[in-house]
Amino acid sequence: MEEVKLIIDGNNITVPGGSTVLEAARSAGIRIPTLCCHERLEPIGSCKMCFVQINGCAEPQQACKTRVQDTMQVTTDSEQLFSMRRESLRELLLRHPLDCPVCDKAGECLLQDLAYEFGVTDVHQHVNATFETFYPTSLIRYWPERCIVCKRCVTACAEIKQLGAIDIKGEGPTAQVYPAKPERCESCGECLQVCPTGALTENLSRYKTRPWLSKRVMTTCTYCGCGCQMQLNVMNNRVVGMTVPNVFGVNKGSLCVKGRFGYEFINSPERLKKPLIRKNGTLQETTWEEALGLVASQFSRIKKEYGRDSIAGISSARCTNEENYLFQKFMRAVIGTNNVDHCARL
Amino acid sequence: MSETKTMTINMGPHHPATHGVLRLVLELEGETIVNATPHIGQLHRGIEKLAENMNYQQVIPLTDRLDYTAASLNNLGYCMTVEKLMGIDVPKRARYIRVIMSELARIMGHHLWLGSHALDIGAMTVVFYAFKDREKIMNINEELSGYRLTPSFLRIGGVAKDVTPDFIRSVREFIEVFPEALEGYHRLLTDNIIWRKRTMNIGTLSADEAMSWGFTGPSLRGSGVAYDVRKAFPYSSYDDFDFEIPVGDNGDVYDRYLVRMEEFKQSLKIIRQAVENLPEGPVNVDNPLVTNPAIEDVTEDISALIRRFKIQCEGPTAPAEEVYHAVEGSKGELGFYLVGDGTAQPYRLKIRSPCFLLTSALPRLIRGHMLSDVIAIIGSLDIVLGEIDR
Amino acid sequence: MDYTKTLDLLKAHFPQGLLHQSLYHSELRITFDSRFFTEMMQFLYDEPSLGYTFLTDIVGIDYPKRNPRFELTYILFNMNEARRLYVKLPVAEGQYIPSVTGIWKAANWMEREVFDLFGIPFINHPDLRRILTWDSFEGHALRKDYPLQGRDFEKRFDPDTIVIE
């Protein structure tokens, strides 16, 4: 693609043609504040934060939607732009409830950060609208008053997951997200992942922690062999939530319903932590040595009595490739049978 | 023939006359001190390390615990350093309130010094009068901030809240009654023959030597050097007030005593001027990133709620720069060297403690004196171990 | 504040000793070369027209990612003209710094404190011991890699491990 040369805030920048002004600025390390723009989504252009001044244009333009042109001269920061951005934020805050003290997102909320950074003052709410809080999945709660209608969730559902389960209805201050095709929802939580505010919160982790209190631990999802990267929110040695940075791993922030919401088993009291052996009809806790010894002796006995093909092995998709390799090796070399199968076989 | 043997004794850390937990290992020849080694650090709480892991606002209560006898002065020094780093200009009314608070704190600190210094040497009566009057300032502190000893009343960019007419009335009452009390202290000590014998020509330090040892405050002025941070770098509107710097001649314990007694009077003079000329206006800087919004707004205005949330939880950020700012503490030049790194937490906070350097000269001061003079000299330096150990 | 004389005299006497200079809040910071450090400090003290006769403080700062790792800031003060001068000295880990106790007696404890909390050793110091932490303390508390809670936060206090000198 052709290269385009332009000037942003006095810096000469060369970017591939067809990029947006926002991308060009970011590649040069110049920050333009944004709310609706997301790395994985096409430009949305709903938040009115990324206005920049371009020579030759009378009105400020949205940086996320304007394509670069040769010899373009862009100003990203001026008093006028600062006050425009502040006014945009003030408008977004007009219907925002006084929820920060009880909101799970407070502390890592983009809206909150920007409102503080731009020093927004004197917002007097006057929007009294009734909203519908129904959401297609019971794992996520929708708080319509907190919503700034940035359309990130709707775009993510349509673009990343190709589902289109949710959409926006209403206009202006009464606009809200609603389940357009609830039957299509997969409960994947992609909308939750991209939400910049606390409008979408996870029902399992609500009120359990604060962003600055919990420890974030990077790990790999154990549900299948995909190896999705995820971040567990740990508080007092207990997993209380899940965040996914959208730059790492194969999944780039996406997860399936199991990966994103199925973390409560980790601290479940019903989880087996010691091997059990059925003695006299009841399962009793025992040591690994005794359990494995029993398995080995029984395998030997069966093999001797009924032949090696009387044993079959089924492996799990939750194991890694290496573990599955070892398992088939064990079945073939130690037991001596080719009766090996796997739960994810199609 | 007789052989001279020295004896080593341990004074402190729990000795009542060491003003805290200072341990002195004294080497005696008879009753004369040959050598002395101060051991400090028993009160080391790592305030500088703690500050690196807090945001700028949270450090203020820690500074109260430096020189706890005059807590507001430490607040003032720290807050002004942060303001210098962040480039904040505090409104005039707040500056005046800060001056009133810190001069009251200075009087409080000197009260404690006077009472305990006299008590150490044997003049027991003074401590009762000094503490009785100190109580009045503690009551004023309590009325204003809720705390008697450690008010933490100052904030970055101003003060916690505006003062009430009751506070002004209490301060005025104190100004009215205090000169008479001060006369009383003078009658008890200044011409007292025992006091003079115990303090004159004891622990003498020349001006040059005092400078070399890093002395500041009343201890330096006792040696005849008229250096006062309030005059040299007039911060917090100190150039609006008319006051003098008392200096001594000989640099002995008695001169340091006289300097501090005169400082009572000068502090009173400053407070009187500040109260009479207290300007109207806001008490916090008009900067939405620094000043906490009023609690009434928080229940109505989402932007105020967000600001309060962010200021309380994260706090304002400071640029990646280094500043040093000093104020005249009750013991000397109390300086803060603050390094920012663009985040809401200090990268490094170094506290220049005047008492630390006063204590370092202790071996020099007490060498050759009698054992009983040690406590007179320690008392005259007015050291506070909370500030030395940090 | 006017620092032209300070800079002119330093440049005339030590053309190689002055590495860097900057003004902030109209106060001068200068970085010295450690090879000429003692002579330059002695010069600042001795030269009557400069009159930096008072050492306010020595501040150590740890920058683990920088090379050299530490930075010492000597705050000098001219009392007659109320002028402060900040002398900076980059220090590598393990590098010995000449002591200025011969010039200012106040440096004695200041250097001990830097030694204690940062582990920067000084040459020609009369009594270089730990000062704020105890003698058997391991590590240097104000280094950035020293944990806030201390290394032995979980360990119970055992009086037998304390060494009494």
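Keep in mind that this is a model prediction, so the values were computed, not measured.

Quick word on the overall build of chain C
And then number 1: Scanning chain C for helices and strands turns up three helices and seven strands.
And then number 2: The order of helices and strands in chain C, counted from the N terminus, is α-β-β-α-β-β-β-β-α-β.
And then number 3: Looking at chain C as a whole, 54% of its 165 residues are labelled buried.
And then number 4: Long-range pairs, those at least 24 residues apart, make up 48% of the contacts in chain C between residues at least 6 apart in sequence.
And then number 5: Each charge sign in chain C was given a centre, from 19 positive and 24 negative side chains, and these centres are 4 Å apart.

Describing the confidence of the model for chain C
Residues and elements named next belong to chain C.
And then number 1: When pLDDT is averaged along chain C, the result is 84, and 96% of the positions lie at 70 or above.
And then number 2: The lowest-confidence element of chain C is helix α1 (residues 4-13), averaging 79 in pLDDT; the highest-confidence one is helix α3 (residues 107-118), averaging 91.
And then number 3: For this predicted complex, the interface score ipTM comes out at 0.86, alongside a pTM of 0.82.

Quick look at unusual backbone geometry
Trans peptide bonds make up the majority, and among non-glycine residues the majority have a negative phi.
And then number 1: Along the chain, N67 of chain C connects to P68 of chain C via a cis peptide bond; the corresponding omega equals -5°.
And then number 2: Mapped onto the elements, P68 of chain C comes out in the loop between β3 (54-62) and β4 (70-78).
And then number 3: A positive phi angle, close to 60°, is found at T71 of chain A, a residue other than glycine.
And then number 4: Along the chain, the position of T71 of chain A falls in the loop between β4 (61-62) and β5 (72-75).
And then number 5: Even without being glycine, N236 of chain A reaches a positive phi, approximately 50°.
And then number 6: Summarising the element assignment, N236 of chain A is placed in the loop between β11 (229-235) and β12 (238-243).

Quick word on the pairing of β12 of chain A
Two faces, one strand: in a regular strand the side chains alternate between the faces of the sheet.
Residue and element names in this part refer to chain A.
And then number 1: Counting buried positions along β12 gives five out of six residues, so the element sits mostly inside the fold.
And then number 2: One ladder, built from five bridges, connects β11 with β12; its direction is antiparallel. Each bridged residue has a counterpart across the sheet, and for V234 the counterpart in β12 is V239.
And then number 3: Counting the residues in the hairpin turn of β11 and β12 gives two residues, including N236, whose phi is positive at 50°.

Structural notes on the sheet that holds strand β1 (residues 18-24) of chain C
All names here are of chain C.
And then number 1: Overall, mixed pairing links the five strands, which are arranged β1-β2-β5-β4-β3 in an open sheet. Strands with a single pairing partner mark the edges of an open sheet, and in this sheet they are β1 and β3. Between one strand axis and the next, the sheet turns by 20° as a mean value, whatever way the strands run.
And then number 2: Pairing of β4 with strand β5 (residues 83-91), which is carried by nine bridges, proceeds in the antiparallel orientation. Across the sheet, the residue bridging to Y74 is V87, located in β5.
And then number 3: On the sheet, α1 packs against β1, β2 (27-32) and β5 and is oriented at approximately 175° with respect to β1.
And then number 4: This element, α3, spans β3 and β4 of the sheet and lies at about 5° to β3.

Looking at helix α13 (residues 302-313) of chain B
And then number 1: Across its twelve residues, α13 of chain B extends 16 Å between first and last C-alpha, which sits within 8% of the 16 Å expected from 1.5 Å per residue.
And then number 2: Taken as a whole, α13 of chain B has its buried residues at I302, S303, A304, L305, I306, R307, F309, K310 and I311 of chain B.
And then number 3: Those residues of α13 of chain B hidden inside the fold are in contact with α2 (79-93) and α3 (110-117) of chain A together with α12 (295-298) of chain B.
And then number 4: Phi turns positive, to about 85°, at G315 of chain B, one or two residues after α13 of chain B.

Quick look at the packing of helix α4 (residues 92-121) of chain B against helix α5 (residues 124-145) of chain B
Helix packing for two helices is described by the angle between their axes and how far apart those axes are.
Residue and element names in this part refer to chain B.
And then number 1: At a closest axis distance of 8 Å, the pairing of α4 and α5 adopts a crossing angle of 155°. Taken together, the axes of α4 and α5 lie roughly antiparallel to each other. Crossing hand, α4 versus α5: left-handed. Contacts from M101, L104, I107, M108, H111, L112, L114, G115, A118 and L119 of α4 reach α5 at M124, V126, V127, A130, F131, D133, R134, I137, M138, I140, N141 and L144.
And then number 2: Here the contact of α4 with α5 is built from residues that sort into 17 nonpolar, three polar and two charged.

Reading the values: rules and limits
Residues numbered from 1 in each chain as written. Chains lettered and ligands numbered in written order. Predicted model: local features only at pLDDT ≥ 70, side-chain atom pairs only at ≥ 80, totals over all residues. Heavy atoms only, no water. Helix = DSSP H or I, 4+ residues; strand = E, 2+ residues; numbered from the N terminus. Buried < 20%, exposed > 50% of the residue type's maximum accessible area, 1.4 Å probe, protein only. Contact = heavy atoms within 4.5 Å. Lys, Arg positive; Asp, Glu negative; His and termini not counted. Charge placed at Lys NZ, Arg CZ, Asp CG, Glu CD. pLDDT = per-residue confidence, 0-100. Pairing = 2+ DSSP bridges. Axes fitted to C-alpha atoms, helices over the stretch in contact; angles between N-to-C directions. Expected span 1.5 Å × (residues − 1). Parallel < 35°, antiparallel > 145°, perpendicular 65-115°, else oblique. Left-handed = near helix turned anticlockwise from the far one by under 90°. Nonpolar A, V, L, I, M, F, W, Y, C, P; charged D, E, K, R; others polar.

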